[in-house]
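Okay, here's what each chain looks like letter by letter:
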Amino acid sequence: MSASKNEWPLWEVFVRSRQGLSHKHVGSLHAADATMAVNNARDVYTRRQEGTSIWVVKAEDITASTPAEKDILFDPANDKVYRHPTFYDLPDEVKNM
Amino acid sequence: MTQEMDLNQRFEDYIAADQKIEAKDWMPDAYRKTLIRQISQHAHSEIIGMQPEGNWITRAPSLKRKSILLAKVQDEAGHGLYLYSAAETLGITRDEMLDALHTGKAKYSSIFNYPTLTWADMGAVGWLVDGAAIMNQVPLCKCSYGPYARAMVRVCKEESFHQRQGFQVMLNLSNGTAEQKAMAQDALNRWWWPSLMMFGPNDASSKHSEQSMRWKIKRFSNDELRQRFVDMTVPQAELLGLSVPDPALKWNEETGHYDFGPIDWSEFEQVISGNGPCNRERIAHRVNAHNEGAWVREAAAAHAAKVAARADQQTHAA
Ligand SMILES: [Fe+2]
Ligand SMILES: [Fe+2]
């Protein structure tokens, strides 16, 4: 990640669209500090009542899994179909389950 | 080598399966470069596009129209930001992109190098320019690069009010005095052909198109989109009681499309290579705004550094 010396840091923006829903990533922006990031996020990502709450996180503080790890991390779940309710065939007489 | 082949195969499979490519996924260099070029040019167009309309904010005919225009120009700034952010995920910095714009290395849509001479131009720009932009942008919501596609979904949601408010301006003028109607007709006359040019060169001479279609960055060809725009817009002009400045324009019963006259590509070439009516003015204005904002950016950065240092000291002291 090459941050040039003049540039303000990059922040990832998360918005809660409605009370009761979780925050969702909506994009990113540059800002000198967290307060400015929230203010700018308000201006660019919630001009049409898209949100009731904003999180901002410095992009460099996020640790992400890499695409190379995809198989190691997520493939083992493939053969564990018994973790899904549809794996279990039950007689039709069984109600409310 | 074989690893690169595997990665390339996976990339191709993703594209074939209409799966999105995400920022950290492996991608061919040429795909990355094409996207950086296209997305940053798109961002520049949004930012430079604020100028022709910004020109009329202080002279809008009513407070309502002024608020609407202000909101539209603010939206365009937002579009620029979404797109710069999308381009940054590909490993280019904001500063590098701005440099390219300010030094004339990067291009932006040639339409914004035309002047906005009368209030009717605010109508014509919203109706035609934003209309053509929507035509181009809707398919980009499905483009293969995830961050670009998501940015375009946001843009398109905001874009439709731009076109509607423009059409309404044209409608009011067309239903107004003879003078107002003439003003609307004059604006249509001047913006029609440049709007058709917004779709880019004819398919036969479009150098980037084919590869972009294969990569599913582009979904429809320039000529296809242009034809759709003409088919959609001509009936709207009729509704306004205005005439499209093209003597060759004619409904073609057989094809189910409008036939239209040839585009003056030499004008397009002139404007895109820097010799349009407003190219110099647009860039000079942008560079000036950037330079005049430098002290704000520096002061904010210095303030943030000072606050961070003070917080740091306090944790060490505790
Ligand atoms: Fe826009
Ligand atoms: Fe727009």
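Cut-offs and rules
- Residues numbered from 1 in each chain as written.
- Chains lettered and ligands numbered in written order.
- Predicted model: local features only at pLDDT ≥ 70, side-chain atom pairs only at ≥ 80, totals over all residues.
- Heavy atoms only, no water.
- Helix = DSSP H or I, 4+ residues; strand = E, 2+ residues; numbered from the N terminus.
- Buried < 20%, exposed > 50% of the residue type's maximum accessible area, 1.4 Å probe, protein only.
- Lys, Arg positive; Asp, Glu negative; His and termini not counted.
- Charge placed at Lys NZ, Arg CZ, Asp CG, Glu CD.
- Donors = N, O, S within 2.8 Å, 3.2 Å for Na, K, Ca; no water.
- Core = buried A, V, L, I, M, F, W, Y, C linked by side-chain atoms within 4.5 Å.
- pLDDT = per-residue confidence, 0-100.
- Phe/Tyr/Trp six-rings, centres within 6.5 Å; stacked < 30°, edge-to-face > 60°.

### Remarks on the overall build of chain B
Along its length, chain B carries 13 helices and 2 strands. Taken along its principal axes, the extent of the C-alpha atoms in chain B is 75 × 50 × 35 Å. By residue count, 51% of the 318 residues in chain B fall in the buried class. Mean positive and mean negative side-chain charge positions of chain B (35 and 39 charges, respectively) differ by 5 Å.

### Overview of the coordination of the iron ion (ligand 1)
Residues and elements named next belong to chain B. In the first shell of the iron ion (ligand 1), the protein supplies Glu46 (OE), Glu76 (OE) and His79 (ND1), at 2.1 to 2.2 Å from the metal. Between the two metal centres, the iron ion (ligand 1) and the iron ion (ligand 2), the spacing is 3.3 Å, with Glu76 acting as a shared donor. One end of the pair is Glu76 and the other is His79, both in helix α4 (residues 63-88) and 3 residues apart, which spans about a single turn. Here the two residues Glu76 and His79 agree in accessibility, since each one is buried.

### A word on the nonpolar core
Formed by 90 residues in total, the largest nonpolar core has its most connected members in Leu29 of chain A together with Tyr31, Ile39, Tyr145, Tyr148, Trp191 and Trp192 of chain B. By residue number, the principal contributor to this core is helix α6 (residues 120-137) of chain B, which donates 10 residues.

### Looking at the confidence of the model for chain B
On average, chain B scores 95 in pLDDT, and the residues at 70 or more come to 99%. For this predicted complex, the interface confidence reaches an ipTM of 0.87, while the overall pTM sits at 0.92.

### Digging into the packing of aromatic side chains
The description of an aromatic ring pair rests on the distance of the ring centres and on the angle between the ring planes. All names here are of chain B. What the rule picks out here adds up to 14 aromatic pairs over all chains. Both rings, one in Trp56 and one in Trp119, keep their centres 6.4 Å apart while their planes meet at 70°; by these two values the pair is edge-to-face. Highlighted residues: Trp56 in the loop between α3 (50-54) and α4 and Trp119 in the loop between α5 (94-102) and α6, separated in sequence by 63 residues. Taking the relative accessible area as the measure of exposure, Trp56 reaches 9% and is therefore buried.

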